[in-house]
Amino acid sequence: MQPYVLVMEDEDALATLLSYNLEKEGYRVVVAADGEEGMLQIDERLPDLVLLDWMLPKLSGIEVCRRIRGRAETRNLPIIMLTARGEESDRIRGLDTGADDYLTKPFSMSELIARIRAVLRRIRPGLADHLGPTEFRLLDHLMQHPGRVFSREQLLDAVWGSDVYVEARTVDVHVGRLRKALNVEGTVNPIRTVRSAGYSLDLGG
Ligand code: CA
């Protein structure tokens, strides 16, 4: 499972360039050409990170940012804001609204990739570098339903597939590895063990 980046950008040429470069780096990319479409894409599937253009049709970048931060299930979604030169005061407002980082256009692709990695590493440590494919699928599944408790059997079906024979204990082993990857000193681990029920992911608890 590749990290999924949602690009909200109305300039076709830039959107194409972003997709091409991000896909080359191993990210899965979806482009939304306006704020409303972007919000629909988020409802469809929760991205790992949003690249958000400041000046967007229908819903502005700042409004999208506000809505993302205002909803429990997307409150911690990493956002990198893309602003045009001369929007310096806007960019401060962008950070006030809750963007994790910002880049001023024009920017280099290597700069952008470095920022994405840094934000993912800070917010979901381990996600960018250290997750095995099973841990990635596990995290991906849990992230699509934050707060919901999954039994080991449900996780086996969702992550390994119902036609594969794997012991329930295997789930514990991989959850353990995922927990370790997500562990940051001084923060509560987002993966919760629910006694005799299973596991759930709590974001921003
Ligand atoms: Ca724009």
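Below, the structure is looked at part by part. All values derive from a computational prediction rather than experimental measurement.

### Here we look at the pairing of strand β7 (residues 198-201)
Link 1 in the chain: Sheet topology note: the strand β6 (residues 191-194)/β7 ladder contains four bridges and is antiparallel. From the neighbouring strand, Thr 193 faces β7, where its bridge partner is Tyr 199.
Link 2 in the chain: Between β6 and the antiparallel strand that follows it, β7, lie three residues; Ser 196 among them carries a positive phi value of about 55 degrees.

### Focus: the pairing of strand β1 (residues 4-8)
Link 1 in the chain: Burial of β1 is extensive: five of the five residues sit out of reach of the surface.
Link 2 in the chain: The two faces of β1 match: Tyr 4, Leu 6 and Met 8 on one face and Val 5 and Val 7 on the other face are all buried.
Link 3 in the chain: Both β1 and strand β2 (residues 28-32) contribute to a ladder of five bridges, which runs parallel. Looking at the pairing, Val 7 lines up with Val 31 of β2.
Link 4 in the chain: Regarding topology, helix α1 (residues 12-24) serves as the crossover connection from β1 to the parallel β2, and that connection is right-handed.
Link 5 in the chain: Looking at chain direction, β1 and strand β3 (residues 49-53) are connected through four bridges and run parallel. Its bridge partner lying in β3, Val 7 is registered against Leu 51.

Criteria and thresholds
- Residues numbered from 1 in each chain as written.
- Predicted model: local features only at pLDDT ≥ 70, side-chain atom pairs only at ≥ 80, totals over all residues.
- Heavy atoms only, no water.
- Pairing = 2+ DSSP bridges.
- Helix = DSSP H or I, 4+ residues; strand = E, 2+ residues; numbered from the N terminus.
- Buried < 20%, exposed > 50% of the residue type's maximum accessible area, 1.4 Å probe, protein only.
- Right-handed = clockwise from strand over helix to strand, strands pointing away.

Interpretation in functional terms is not warranted from these geometric data alone.
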